[in-house]
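Each chain, written out:
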Amino acid sequence: MIKTEVLVVGAGIAGLTSAAILSKLGFSVTLIESHTQSGGCAGTFKRKNYVFDVGATQVAGLEKGGIHSKIFDFLDIKIPDATILDPACIVDLKDGSSPIPIWYKKNDWIAEREIQFPGSRKFWELCSYIHQSNWTFANKYPVLPINNFWDFSQLLRALAPSNLVTGILLKSTVFDLLRICGLSRNERLINFLNLQLKLYSQEDVYNTAALYGSTVLQMCQQPHGLWHMNKSMQSLSEGLEDSLNKTGAHIFFGQEVNSIIFDSQAKFWKVFVKSKNSYLEYQANDIVYTPPPQSLLKHLKDLLSKEQSYKNRLTTLPAPSGALVFYSALKKKHIKRISSNHYQFVSNELGSLFVSISKEGDGRAPKGEITLIASLFTKAKDWFDLEKKEYIEKKKEYLEKISFELESQFNIASDNWLHKELATPLGFKKWTNRPNGIVGGLGQNPDIFGLFGLSSRTPFQGLWLCGDSIYPGEGTAGVSQSALMVSRQILASKGIYNFNL
Ligand SMILES: Cc1cc2nc3c(=O)[nH]c(=O)nc-3n(C[C@H](O)[C@H](O)[C@H](O)COP(=O)(O)OP(=O)(O)OC[C@H]3O[C@@H](n4cnc5c(N)ncnc54)[C@H](O)[C@@H]3O)c2cc1C
């Protein structure tokens, strides 16, 4: 039996970040991870001579004042080497019109928007106003949704007059903003927004909360921007692991949580863990739980049977998407027509494909070669209901379909691939232990976003949720914000009220 003040479950970015903050603040912290390495959906794997980013391929929040950057500064560790993406992405709607580069420089993007979507200026200005109001709010570290008086006090402290104005839009969608601006029939703009919003909110223009959508639509531009990690995405996790090692936290890999119970007499949590051939028990005052909240249905069976309404809430969470990810490599000279690291394009059969191409010499492929990763959403459950033979055939079929789409999009000859393989939701389940291999967080529609989402505070004192299903949502920057929020809540529960970055 191992005792610790705080036990963090999961060494994805949410778990690493919350563990690093709490350990730096002097708590005794133990972090346990079922995989043999850290990073979760933002990890990497090696194949032959290549390094592939498993899921996340671009990072927000590395600029000065961005969330990763603030946390790395607080931890006193070096911000990983990264370059700004300009353009962040080139979006090809495949409607016969020219592709849309999403520029980093604000003026370039404003000029591009005018050309691509004439008459849309009011919409972008409205988004920008909402975003600035959101940003001022987020920088004062609100706690959402509110669940007790301290959370409420943090919300009040963060509110500015502009939030009261934008608060009117709490239940509106991005489509409502288009309607206000007289653009509800602008098909091209709607197609573009559908593609981009789906990437960041898992919802389309009709269902993405206006307050959330307005912010994600501004993340590619100054003063924010999206970043390409040199070397690999793993450097984000490595930095956080360095901090944990410096502050004396314990990290254990290959340890999978089986069940969690509360010892009401001794007043501490007991966590039962499977590790290779043995079983371990941890005791902790607080648990930061970062797997998807749906996993609690398995890990917290006994306690949930006494909290039926919370159990119902977890059982009825909308089903998140799964992903198909195509990992490939080829010689740089064999890929034509590229001028960006990221592309998004539409395929009639497959829907939206998001493509990430490594920079030559960034450490992901040998000289003269590059890696190319393409991802698309899929219904996670569909992949689990198949016989083995059917599954293998379906996987092969999708590998070929995706190769074909990429070959015609980038003018690649079919014998130019040096490597190609596909990950399905089964692969994601194995890699991240997420139920059914679900990825991202909960769809950011007005019924889930912010105030109406799942709280990091559970009905069980000392059991905290953190990660991409918790405010403010998915992405490495989002889960870092949720890690900071949960750390502040834990401090406040111990009577320390004034911690901010
Ligand atoms: C294909 C794809 C593309 C993406 N692209 C981007 C992008 O470009 N930019 C971006 O910012 N974000 C992107 N994301 C989203 C981003 O990767 C995630 O939102 C974020 O990394 C989630 O971090 P997390 O720590 O909340 O969860 P995870 O990364 O899922 O971490 C949870 C950890 O908990 C561990 N765990 C689970 N169950 C147990 C257990 N029982 N016991 C012990 N450990 C356990 C897992 O192994 C995992 O390491 C992408 C995601 C995917 C899948």
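Basis of the calculations
Residues numbered from 1 in each chain as written. Predicted model: local features only at pLDDT ≥ 70, side-chain atom pairs only at ≥ 80, totals over all residues. Helix = DSSP H or I, 4+ residues; strand = E, 2+ residues; numbered from the N terminus. Buried ≥ 20, exposed ≤ 12 C-beta atoms within 10 Å, placed from the backbone. Pairing = 2+ DSSP bridges. Axes fitted to C-alpha atoms, helices over the stretch in contact; angles between N-to-C directions. Contact = placed C-beta atoms within 7 Å. Expected span 1.5 Å × (residues − 1). Domains from an automatic or database assignment. Near = placed C-beta within 6 Å. Nonpolar A, V, L, I, M, F, W, Y, C, P; charged D, E, K, R; others polar.

Attention now moves to unusual backbone geometry. Proline 87 follows aspartate 86 through a cis peptide bond whose omega is 5°. For proline 87, the position within the fold is in the loop between β6 (82-84) and β7 (89-92). In this chain, glutamine 222 is followed by proline 223 through a cis amide linkage whose omega measures 0°. Even without being glycine, lysine 48 reaches a positive phi, approximately 50°. Inspection of the secondary structure puts lysine 48 in the loop between β3 (44-47) and β4 (50-53). The class of lysine 48 is exposed, set by 9 C-beta atoms lying within 10 Å. The backbone of asparagine 411 sits at a positive phi, close to 55°, despite the residue not being glycine.

Our next topic: the pairing of strand β14 (residues 322-331). On a regular strand, one side chain projects to one face of the sheet and the next to the other, so that they alternate. Burial within β14 is extensive, with nine of its ten residues counted as buried. Inspection of the sheet shows β14 paired to strand β17 (residues 369-378) by ten bridges, in the antiparallel sense. Across the sheet, the residue bridging to valine 325 is serine 375, located in β17. Bridging between β14 and strand β18 (residues 417-423) involves six bridges; their strand directions are antiparallel. Among the inter-strand pairings, valine 325 is bridged to a residue of β18, identified as alanine 423.

Now for the sheet that holds β17. The mixed open sheet is built from seven strands, whose spatial order is β8-β7-β15-β16-β17-β14-β18. Across the chains shown, the open sheet's two edge strands, defined by having one partner strand only, are β8 (100-102) and β18. Sheet twist, expressed as the mean angle between neighbouring strand axes with direction ignored, is 20°. Summarising the sheet, β7 and strand β15 (residues 342-347) pair through three bridges and their orientation is parallel. Note on β15: the bridge partner recorded for valine 91 is glutamine 344. Seen against the sheet, helix α15 (residues 425-432) touches β14, β17 and β18 and runs at an angle of roughly 95° to β14.

As summarised here, the arrangement of the three strands in space is β5-β9-β6, forming an open sheet in which the pairing is antiparallel. Of all strands in the sheet, those with a lone pairing partner are β5 (59-60) and β6, marking the two edges. Looking at chain direction, β6 and strand β9 (residues 226-229) are connected through three bridges and run antiparallel. The partner of threonine 83 across the bridge, within β9, is histidine 228.

Looking now at helix α4 (residues 121-138). The first and last C-alpha atoms of α4 sit 25 Å apart over 18 residues, in line with the 26 Å expected at 1.5 Å per residue. Along its buried surface, α4 packs onto α3 (106-116), α5 (149-158), α6 (161-166), α7 (174-180) and α9 (210-216).

So, about the pairing of strand β11 (residues 255-263). Taken together, the eight bridges between β11 and strand β12 (residues 268-275) define a ladder with antiparallel strand orientation. The partner of serine 259 across the bridge, within β12, is phenylalanine 272. What sits between β11 and β12 in their antiparallel hairpin is a turn of four residues, with lysine 267 showing a positive phi close to 60°.

Split into domains, the protein chain comes out as domain 1 (2-39 + 60-80 + 230-318 + 440-493), domain 2 (106-223) and domain 3 (322-437). The distance between the C-alpha centroids of domain 2 and domain 3 comes to 30 Å.

Right, let's talk about the site of the ligand for a bit. In the vicinity of the ligand, 38 residues are found, and the nearest of them are Gly10, Gly12, Gly40, Gly55 and Gly467. For the shell around the ligand, the elements supplying multiple residues, two or more each, are α1 (13-24), β11, β14 and α16 (476-493). Looking at the shell around the ligand element by element, the count peaks at three residues for α1. Here the residues of the shell around the ligand sort into 15 nonpolar, 18 polar and five charged. The residue makeup of the shell around the ligand includes at least three contributed by each of domain 1 (2-39 + 60-80 + 230-318 + 440-493) and domain 3 (322-437).

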